[in-house]
Amino acid sequence: MGIQRIAVLGSGQMGNGIAQVAACAGYDVVMIDIQQEFLDKGLASIENSLARVVKKDRMTEEQANAAIAQITTSIDKAAAADADLVVEAIPEIPELKFSTFAELDQICKPEAILASNTSSISINAIADATNRPERVIGMHFMNPVPVMKLVEIINGRDTTPEVTALVVEASECMGKVPLACNDSPGFVSNRILCPMINEAILALQEGVAEPEAIDGIMKLGMNHPIGPLALADLIGLDTILHIMNVLHEGFNGDPKYAPSQLLQDMVAEGKFGRKSGSGFYIYS
Ligand code: CAA
């Protein structure tokens with residue numbers, strides 16, 4: 001029997017997007033968070049996102065309502081007990097991930113697959129917090145989840161080919177293109193993306209060009225959908241800084257991964273990008 005029931009842990013930007021694409025694929029979904037208020041906000045995001053899809057005539061209102069009906073919510077992790085696949089999308093705090101996976105390992109049935117949507121924490125380290133490292137895997141969705149095609153699949157040291165195959169199949173059912181890599185700092189996506197963004201911030205810091213010009217050059221010259229500074233605002237500057245620190249430490253202090261001073265200063269000032277209302281641009 002393949003995957004039928006999916007638990008998504010975390011109802012933030014990534015978690016609610018994952019719950020949405022899983023529900024649209026017909027899976028039974030339970031979205032779990034620590035407060036009902038967070039779950040209500042997550043459900044409202046899903047409703048808004050599906051309304052956009054309906055408006056574009058890519059889905060009927062009945063289909064959108066049916067997808068929403070596939071999602072239940074809970075503030076108790078025990079709701080993941082009968083899930084075949086758990087996708088964790090909680091904050092990027094290593095100790096929190098490790099304790100959560102240790103807990104999920106106790107709660108979930110032995111054959112359940114425990115996946116992490118982590119963008120930077122080692123899958124091997126997460127797997128080591130459980131007694132089922134062979135059933136732990138990285139399932140890294142991209143933001144905004146309903147739109148972006150990729151799921152970066154990260155195989156840990158012990159992940160079995162059977163687990164990878166099941167997760168690849170589930171990702172494809174969700175309309176995504178899964179591409180696999182091995183556990184390594186930043187995996188593939190963030191090892192390449194975040195140094196590029198950091199370099200754009202360095203160009204700004206050194207007065208090479210204004211933000212609009214840096215972004216315009218990359219959009220018009222390289223066909224990027226948005227420029228690196230606007231993308232940093234979308235991802236969150238705190239997240240970019242965190243990932244640069246993971247790369248810097250993970251590659252033994254190699255200076256090519258050192259986070260720029262401007263990035264560090266902006267995060268210290270609470271300029272996180274879209275989510276805080278200001279970053280390289282102002283958001284109202
Ligand atoms: N739900 C449903 N549909 C959505 C949506 C959502 N949340 N957000 C956007 N869309 C749809 C829009 O309806 C629109 O559809 P049409 O093409 O049919 O008109 C389409 O997506 C484009 O949206 P917009 O017109 O509003 O805006 P845009 O053209 O600027 O596109 C974008 C928005 C798709 C986000 C685009 O800017 C983009 O591709 N940006 C780059 C995103 C990216 O690189 N993401 C990866 C970040 S890295 C990451 O996530 C990993 C990590 O670990 C840090």
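Calculation notes
- Residues numbered from 1 in each chain as written.
- Predicted model: local features only at pLDDT ≥ 70, side-chain atom pairs only at ≥ 80, totals over all residues.
- Heavy atoms only, no water.
- Helix = DSSP H or I, 4+ residues; strand = E, 2+ residues; numbered from the N terminus.
- Buried < 20%, exposed > 50% of the residue type's maximum accessible area, 1.4 Å probe, protein only.
- Contact = heavy atoms within 4.5 Å.
- Phe/Tyr/Trp six-rings, centres within 6.5 Å; stacked < 30°, edge-to-face > 60°.
- Pairing = 2+ DSSP bridges.
- Right-handed = clockwise from strand over helix to strand, strands pointing away.
- Domains from an automatic or database assignment.
- Buried area = accessible area lost by both parts, 1.4 Å probe.
- Salt bridge = Lys/Arg side-chain N within 4 Å of Asp/Glu carboxyl O.
- Polar contact = N/O pair within 3.5 Å; in protein donor to acceptor, adjacent residues only side chain to side chain.
- Nonpolar A, V, L, I, M, F, W, Y, C, P; charged D, E, K, R; others polar.

1. Digging into the environment of Gly156
Next up, step 1: Position of Gly156 relative to the elements: it lies in the loop between strand E7 (150-155) and helix H6 (161-173).
Next up, step 2: Relative accessible area serves as the criterion here: at 12%, Gly156 is assigned to the buried category.
Next up, step 3: Residues Gly156 and Pro94 lie 62 residues apart in sequence; the distance between their C-alpha atoms is 16 Å.
Next up, step 4: Discounting residues that sit within four places of it in the chain, Gly156 has contacts with Ile123 and Asn124.

2. A word on the packing of aromatic side chains
Next up, step 1: Under the definition given, this model contains one aromatic pair.
Next up, step 2: On the numbers, 4.9 Å between centres and 25 degrees between planes, the contact of Phe251 with Tyr257 is stacked.
Next up, step 3: On the basis of relative accessibility, which here comes to 21%, the residue Phe251 falls in the partly exposed class.
Next up, step 4: By relative accessible area, Tyr257 is classed as buried at 5%.

3. Focus on the pairing of strand E8 (residues 177-182)
Next up, step 1: When E7 meets E8, the two strands line up parallel, connected through six bridges. Residue Glu152 lies in a different strand from E8, and its bridge partner there is Leu179.
Next up, step 2: Note that the unit made of E7, H6 and E8 has a crossover that is right-handed.

4. Details of the domain arrangement of the protein
Next up, step 1: What the domain assignment reports for the protein is domain 1 (5-182) and domain 2 (190-274).
Next up, step 2: On a C-alpha basis, the centres of domain 1 and domain 2 stand 27 Å from each other.
Next up, step 3: At the interface, six residues of domain 1 touch five residues of domain 2.
Next up, step 4: Summing both sides of the interface, domain 1 and domain 2 together bury roughly 500 Å²; the carbon and sulfur share of this comes to 49%.
Next up, step 5: Three residues stand out in domain 1 for area buried against domain 2, namely Ser119, Ser120 and Asn143, and they jointly supply 64% of the buried area on that side.
Next up, step 6: Taken together, the connections running from domain 1 to domain 2 amount to zero salt bridges.
Next up, step 7: Linking domain 1 with domain 2 are two residue pairs in polar contact (both at pLDDT 80 or more), by the criterion used here.
Next up, step 8: When grouped by side-chain class, the residues that make up the side of domain 1 that touches domain 2 number no nonpolar, five polar and one charged.

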